[in-house]
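Overview (structure and organization)
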Amino acid sequence: MYLLRHLKDFLITYKRQYLLGVSALIIVDLLQLIPPKIIGSITDSIKSGSIDASGITLYGFIIIGIACLVAIFRYFWRMNIIGSARKLECWLRNKLFIHLEDMTPEFFNYKKTGDLMAHATNDIQAIRMSFGPGVIMTTDAIVISITTMVIMFSTINPKLTIWALLPLPFMAALVTFLGKKIQKLYKQVQEAFSGLSDHTQESISGIRVIKSFVREKSSLSNFENTSEIYVNKNMKLAAIYGFMFPMIGFISSISFLIALFQGGKMVINGSLSLGDLVAFITYLGMLIWPMMAIGWVINSMQRGIASIKRINEILDTAPALIDKEAAIWPEAFTPRISFENVSFKYPQSENFALRNLDFHINKGKILAIVGKTGSGKSSVASLLLRFYSHSDGIINVSDTNIEDLKHKKLREKIGYVPQEAFLFSCSIHENIAFSNPELPRERVIEVAKIAAIDEDITEFPAGYDTIVGEKGVTLSGGQKQRVAIARALIKNPEILILDDCLSAVDTKTEEKILGHLKEVMKDRTSIIISHRISAIKDADEILYLEDGVITERGTHSELLVQKGAYEDLYRKQLLEEKLDKEV
Ligand SMILES: Nc1ncnc2c1ncn2[C@@H]1O[C@H](COP(=O)(O)OP(=O)(O)OP(=O)(O)O)[C@@H](O)[C@H]1O
């Protein structure tokens with residue numbers, strides 16, 4: 001039961017459906033035992049001449065009646081068992097998705113997207129198979145084999161039953177043995193398939209890089225290799241199936257042959273009636289299926305168990321960020337931020353990304369962070385958004401330790417523009433109104449104007465309804481960044497974090513956007529992270545980071561006077577700008 005801990009809620013809710021479905025299935029199995037007996041007695045009655053045409057018609061109607069009942073109950077078990085398994089699939093996939101959404105960025109740093117996709121598709125499908133066809137086949141295999149054998153043994157002929165059943169254990173053993181091989185090969189086919197789709201996906205998204213490096217041929221040859229592996233694995237699978245099914249036919253033919261030979265002898269010497277032999281052979285035919293099903297059931301259940309274990313492992317991984325029970329949300333939120341002696345290490349890292357950070361930002365002020373690449377600028381944003389937890393020190397927002405704040409409420413207050421402007425493959429309007437799809441077009445246009453992207457959008461034939469393609473491929477880098485800024489602004493954030501999100505925008509547009517932001521953010525707090533001094537020179541305070549430590553701080557003019565790394569950077573950038581203009 002421990003294995004099913006994450007499915008418990010579903011199984012309790014749907015136990016009635018499963019019970020009804022299994023009961024209907026057992027009724028069908030039992031009903032199917034009747035026609036062979038009827039056919040047997042018709043045969044005997046015809047042989048002895050004790051039945052006329054109306055008697056045969058009556059039996060015919062009984063058989064039709066049974067067939068109708070079988071059809072009704074079959075519909076009933078299909079709807080209940082297969083239907084519940086389909087609902088389980090959907091329920092579990094949603095549960096997994098919700099869980100994944102709650103995981104920290106750290107979890108995704110170490111889990112491959114392809115693996116998570118495989119869990120969400122193959123594993124959940126394997127679980128569905130166990131709780132749908134698996135339940136049906138297990139019930140069928142048990143009920144049909146026991147009842148059929150009991151009837152053959154007790155109502156027809158025990159000796160003939162033992163003779164005819166002798167080859168069947170070989171069939172069950174064969175199917176189980178080959179089933180294991182099939183399962184192993186099937187896994188390899190799946191792996192080859194995911195290799196193929198990974199390769200296709202990566203090659204398509206990296207097509208520009210492939211083309212610019214003229215690597216089409218090598219990419220094609222890699223693709224052909226992966227494709228060949230996939231075909232070879234499938235061929236091996238086909239070969240096993242090609243061997244297994246004729247062998248099943250062969251073994252069952254031996255059973256039929258024994259039944260005909262021994263049963264025929266018994267009919268000739270009068271110890272068995274012809275009708276019983278006919279019924280016996282029909283029952284024997286019914287037994288072939290459960291013998292084949294045993295192997296399938298074992299394999300399917302093994303796959304299901306392996307998949308449940310993998311899904312359990314993910315669902316057992318607790319999201320690192322769970323609000324304290326006493327987490328609060330201040331009635332009057334003030335966008336005041338302070339870092340008091342904050343140090344931070346990434347979970348899998350030995351080195352500190354930030355050390356003894358001390359700063360505060362008051363409402364309406366702009367804090368800028370500059371520094372070389374890898375100096376820890378983005379890490380400050382990650383801590384404020386609570387993507388990670390700091391190791392030492394205190395971070396306060398609205399004069400409250402952020403560890404005591406409800407983290408989702410805090411994120412609602414923050415407008416965050418990440419370094420890489422990730423857009424979804426929907427329209428520009430939908431991308432901008434991402435935080436609230438109900439927002440009207442006027443509001444979308446309003447923030448697009450602040451982000452200086454409105455003019456570009458209106459020039460597109462479909463305007464705000466332009467579909468941006470996967471990750472926004474149809475937009476330029478600078479356009480993507482500005483759409484991402486508009487997306488953050490539409491939230492009316494109390495705190496705005498721009499993480500180097502103007503790098504692909506020219507200095508004139510940058511100036512325009514910053515001018516607009518100054519107006520919009522005047523009663524709120526902004527943090528601007530940038531490599532470009534032009535983007536931050538008007539900030540109320542600038543922090544210069546080096547290896548996670550603040551080495552210089554002050555306003556632009558104060559920092560220039562210090563003649564340190566900041567001033568050096570500024571001079572170099574001025575020179576670059578001058579050279580650019582001259583060229
Ligand atoms: N998920 C992570 N796990 C481990 N180390 C990380 C992770 N993300 C960043 N780091 C490391 O932390 C340090 C600070 O990274 P951060 O991204 O904050 O720098 P940055 O100043 O924003 O750099 P850039 O200007 O290039 O964006 C770097 O040494 C980086 O290698």
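Residues numbered from 1 in each chain as written. Predicted model: local features only at pLDDT ≥ 70, side-chain atom pairs only at ≥ 80, totals over all residues. Heavy atoms only, no water.

Some thoughts on the sheet that holds strand β9 (residues 541-546)
Strand order across the open sheet formed by six strands is β6-β7-β8-β3-β9-β10, with mixed pairing between neighbours. In the strand order of this sheet, the two ends are held by β6 (414-417) and β10 (549-554), each with one partner. Between one strand and the next, the sheet's axes are offset by a mean angle of 15°, whatever the strand orientation. In the sheet, strand β7 (residues 495-499) pairs with strand β8 (residues 525-529) via five bridges, with the strands oriented parallel. By the bridge assignment, I495 is partnered in β8 with T525. Contacting β6 and β7, helix α18 (residues 477-489) runs over the sheet at an angle of about 175° to β6. (Pairing = 2+ DSSP bridges. Helix = DSSP H or I, 4+ residues; strand = E, 2+ residues; numbered from the N terminus. Axes fitted to C-alpha atoms, helices over the stretch in contact; angles between N-to-C directions. Contact = heavy atoms within 4.5 Å.)

With respect to the packing of aromatic side chains
Per the counting criterion, the structure on display carries 12 aromatic pairs. When the centroid spacing of 5.9 Å and the interplanar angle of 15° are considered together, the rings of Y241 and F245 count as stacked. Here the residue Y241 and the residue F245 both occupy positions in helix α11 (residues 216-268), the gap between them amounting to four residues, near one helical turn. The exposure class assigned to Y241 is partly exposed, which follows from its relative accessible area of 35%. Under the relative-accessibility criterion, F245 is labelled partly exposed at 45%. Seen from their ring centres, W329 and F333 are 5.2 Å apart, and the 15° between their planes marks the pair as stacked. The exposure class of W329 is partly exposed, given its relative accessible area of 22%. By the ring-pair criterion, three or more aromatic residues cluster together here, those being F10, Y14 and W91. (Phe/Tyr/Trp six-rings, centres within 6.5 Å; stacked < 30°, edge-to-face > 60°. Buried < 20%, exposed > 50% of the residue type's maximum accessible area, 1.4 Å probe, protein only.)

A closer look at the packing of helix α3 (residues 34-48) against helix α4 (residues 53-102)
The interhelical angle for the contact between α3 and α4, taken along N-to-C directions, is 170°, at an axis separation of 10 Å. As the angle between them shows, α3 and α4 are arranged roughly antiparallel. Of α4, the residues touching α3 (which contributes I34, P35, I38, I39, S41, I42 and I46) are I56, Y59, I62, I63 and I66. (Parallel < 35°, antiparallel > 145°, perpendicular 65-115°, else oblique.)

A short note on unusual backbone geometry
The phi angle at D399 is positive, at roughly 60°, despite the residue not being glycine. If you trace the backbone, D399 turns up in the loop between β4 (392-397) and β5 (400-401). Judged by relative accessible area, D399 falls into the exposed class, the value being 52%. For A452, which is not a glycine, the phi torsion comes out positive at approximately 55°. Position of A452 relative to the elements: it lies in the loop between α16 (441-450) and α17 (454-459). By relative accessible area, which is 12% here, A452 ends up buried.

Structural notes on the packing of helix α9 (residues 168-205) against α11
Packing of α9 against α11 leaves a shortest axis separation of 9 Å and a crossing angle of 165°. Comparing the axis directions of α9 and α11 gives the class roughly antiparallel. The hand of the α9/α11 crossing is left-handed. Looking at the contact of α9 with α11, its residues break down into 24 nonpolar, 12 polar and three charged. (Left-handed = near helix turned anticlockwise from the far one by under 90°. Nonpolar A, V, L, I, M, F, W, Y, C, P; charged D, E, K, R; others polar.)

Quick notes on the pattern of salt bridges
For the structure on display, the rule yields 18 salt bridges. For E89, the salt bridge goes to R93, with nearest N and O atoms at 3.3 Å. Of the two residues, E89 and R93 are both situated in helix α4; the distance of four residues between them amounts to about one turn of the helix. The buried category is assigned to E89, whose relative accessible area is 10%. Its relative accessible area of 30% is what places R93 among the partly exposed residues. With its nearest N and O atoms 3.5 Å apart, the salt bridge here joins R482 to D456. With R482 in helix α18 and D456 in helix α17, the pair connects residues that are 26 residues apart, well separated along the chain. Three or more residues are tied together by salt bridges with common partners; here these are K563, E567, D568, R571 and K572. (Salt bridge = Lys/Arg side-chain N within 4 Å of Asp/Glu carboxyl O.)

Examining the site of the ligand
Taken together, the neighbourhood of the ligand is formed by 14 residues, with T373, K377, S378, S379 and Q419 sitting nearest. T373 places a polar side-chain atom, nitrogen or oxygen, 2.6 Å from an oxygen atom of the ligand. Here an oxygen atom of the ligand sits 2.5 Å away from a polar atom, N or O, in the side chain of S379. Relative to its free-state accessible area of 630 Å², the ligand is covered by the protein chains to the extent of 66%. Here the element with the most residues in the shell around the ligand is helix α13 (residues 377-384); it accounts for three residues. Of the residues belonging to the shell around the ligand, the class tally is three nonpolar, nine polar and two charged. (Near = heavy atom within 4 Å. Polar contact = N/O pair within 3.5 Å; in protein donor to acceptor, adjacent residues only side chain to side chain. Areas by Shrake-Rupley, 256 points an atom, 1.4 Å probe, with all protein chains shown as cover.)

Section: the UniProt feature "transmembrane region" (unreviewed entry) in the protein chain
In the numbering adopted here, UniProt assigns the feature "transmembrane region" (unreviewed entry) to residues 18-36, 56-77, 134-154, 160-178, 238-260 and 280-299. Across residues 56-77, helical content stands at 100% and strand content at 0%; the span's end C-alpha atoms are separated by 31 Å. Within the segment residues 238-260, helix and strand shares are 100% and 0% respectively, and the terminal C-alpha atoms sit 33 Å apart. (UniProt positions renumbered as here; feature names shortened; annotations may be inferred.)

As for the environment of A539
Relative to the helices and strands, A539 resides in the loop between β8 and β9. Among the residues examined, A539 registers a relative accessible area of 7% and is labelled buried. In this structure, the C-alpha to C-alpha distance between A539 and L166, residues 373 residues apart in sequence, is 89 Å. Setting aside chain neighbours within four positions, we find A539 in contact with I366 and A368.

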